[in-house]
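Remarks on the overall topology
The primary structure of each chain is shown beneath.
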Amino acid sequence: AAKNPLAPLALLPLLLLLLRPLAAAAEKEEEEHEALQKQLSCPENMVPWPEAGKTLCQDFDLAVEDATAFLKANLPPYDRDNEVTLFGEPGGVDGLNTGIAAVAVNMSLEARMALPWAARVPRGVFNDYVLPYASLNEARTNARPLLRGALLPLLRNAGARTIDDVVYVVNGYNASAANGSLWTAVSREKIYFKSGQTPLVYDPMSAIAFGYASCTGISVLYVDALRAVGVAARVVGTPAWHNVTANGNHNWVEVWRGPERGWSFIEGRPAGQGESLDDPCDKWFCNPAHFPDPNDTPVFAARFDRGTGVVYPMAWDPKNDAVPGVDRTNYYASTCLRC
């Protein structure tokens, strides 16, 4: 039978009808995005802080003072002797009067003023999970300028507008991933996973220089990259599966997605392929085999605030209690038992 060349046109009204809700949703998302940007905007040289449904605008220099005071008040013991090296001092050496911690302060506040998703992060979350110059006891290096310089063009080209967008673009899980990601943008060769590297290779610059790292180094680099573009992120993991050292340890990343959704977890792409923020069960370790009932696998996230009394245990340095932590055991036990 002859085909009617006009038959596809008869389906056009139905197709338009089906697309109408999607167009309406996209329009609503655009309006909400513009409203949020307007709400979080501040005059020039003022840093935005969300507070009780409003935006507090703080002078940049005062924000620098507050952020610096927080870091200095919570310095790990092994960083206290290097305080001048980390923060600099007037006069300095060869005219350089700043250090990597001071660079982190300035760049993290600049990100708040320039990037809409960064402006959404509350001060408490910002202080612990965007501002710090390090995650664990890794070598202190000036990676933030390098990471931000490599990632901002990728985010602009991908049209990133939300925290989730940034997380996926940086990790290479987006439509424009062929144009690059963290794992290709900062190294001559694509950074890959190589087991058994901590503590030899687990600071960001070592991972970039060698082109590989194990789960801890991949996680530290991913966290630093997200912080460099204003996203609150932290290293999280278990020092031992089932609390047995011989079973090995593992580290991954948690991301703060906003006040509505809180913390979600994901691995840096070299350590875990095809993962999302919305589905806990798409991680290879999130299942009853690793988190049975009753659960015997401890999980902790690292933070910077030393006032909690909780320690992040490091499998490669088990007697070191200098990294503050958040006990996440109950969350993972209940979440992964359902997978």
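The structure we're discussing is the one just above.
Residues numbered from 1 in each chain as written. Predicted model: local features only at pLDDT ≥ 70, side-chain atom pairs only at ≥ 80, totals over all residues. Heavy atoms only, no water.

**Overview of the overall build of the protein chain**
Assigned secondary structure in the protein chain consists of 14 helices and 9 strands. For the protein chain, the residues scored as buried account for 49% of the 339 residues in total. For the protein chain, the computed accessible surface area is about 16,300 Å², with 55% contributed by carbon and sulfur atoms. (Helix = DSSP H or I, 4+ residues; strand = E, 2+ residues; numbered from the N terminus. Buried < 20%, exposed > 50% of the residue type's maximum accessible area, 1.4 Å probe, protein only. Areas by Shrake-Rupley, 256 points an atom, 1.4 Å probe, with all protein chains shown as cover.)

**With respect to the pairing of strand E1 (residues 46-51)**
Direction of pairing for E1 relative to strand E2 (residues 54-59): antiparallel, over a ladder of 6 bridges. In the strand pairing of E2, Pro48 is matched with Cys57. Taking the residues that link successive antiparallel strands as the turn, the E1-E2 hairpin has 2 residues, and the phi of Ala52 there is positive, at about 55 degrees. (Pairing = 2+ DSSP bridges.)

**Details of unusual backbone geometry**
Among all residues save glycine, negative phi is the norm, and among peptide bonds the norm is trans. The amide bond that connects Thr198 to the next residue, Pro199, takes the cis arrangement and shows omega of 10 degrees. Backbone torsion omega between Asp293 and Pro294 reads 0 degrees, so that peptide bond is classified as cis. With respect to the element layout, Pro294 can be found in the loop between strand E7 (263-266) and strand E8 (300-302). We note that His242 has phi near 60 degrees; this positive angle belongs to a residue other than glycine. On the secondary structure map, His242 appears in the loop between strand E5 (233-238) and strand E6 (250-256).

**A closer look at the sheet that holds E8**
The 5 strands lie next to each other as E7-E6-E5-E8-E9, forming an open sheet whose pairing is antiparallel. Pairing within the sheet leaves two strands with one partner each, and these edge strands are E7 and strand E9 (325-327). Across the sheet, the mean angle separating the axes of adjacent strands is 35 degrees when strand polarity is ignored. As paired elements, E5 and E8 share 2 bridges and run antiparallel to each other. Its bridge partner being in E8, Gly237 is matched across the sheet by Phe300. (Axes fitted to C-alpha atoms, helices over the stretch in contact; angles between N-to-C directions.)

**What about helix H6 (residues 100-114)?**
Over its 15 residues, H6 extends 21 Å from the first C-alpha to the last, a length consistent with the 21 Å expected when each residue adds 1.5 Å. Taking burial as the measure, the 15 residues of H6 include 11 buried ones, the bulk of the element. Among the residues of H6, those classed as buried are Ile100, Ala101, Ala102, Val103, Ala104, Val105, Met107, Ser108, Leu109, Ala111 and Arg112. Here the buried face of H6 lies against E1, helix H3 (60-73), helix H5 (83-87), helix H7 (116-119), helix H8 (123-129) and helix H9 (144-158). (Expected span 1.5 Å × (residues − 1). Contact = heavy atoms within 4.5 Å.)

**Digging into the state of the cysteines**
Under the criterion given, the structure shown has 3 disulfides. The disulfide partner of Cys42 is Cys57, and the S-S distance across this bridge is 2.0 Å. Measuring handedness by torsion sign, the sulfur bridge of Cys42 and Cys57 sits at about -85 degrees and is left-handed. In this pair, Cys42 sits in the loop between helix H2 (12-40) and E1 while Cys57 sits in strand E2, placing the two residues 15 residues apart along the sequence. (Disulfide = S-S within 2.5 Å.)

Nothing here speaks to function; it is geometry throughout.
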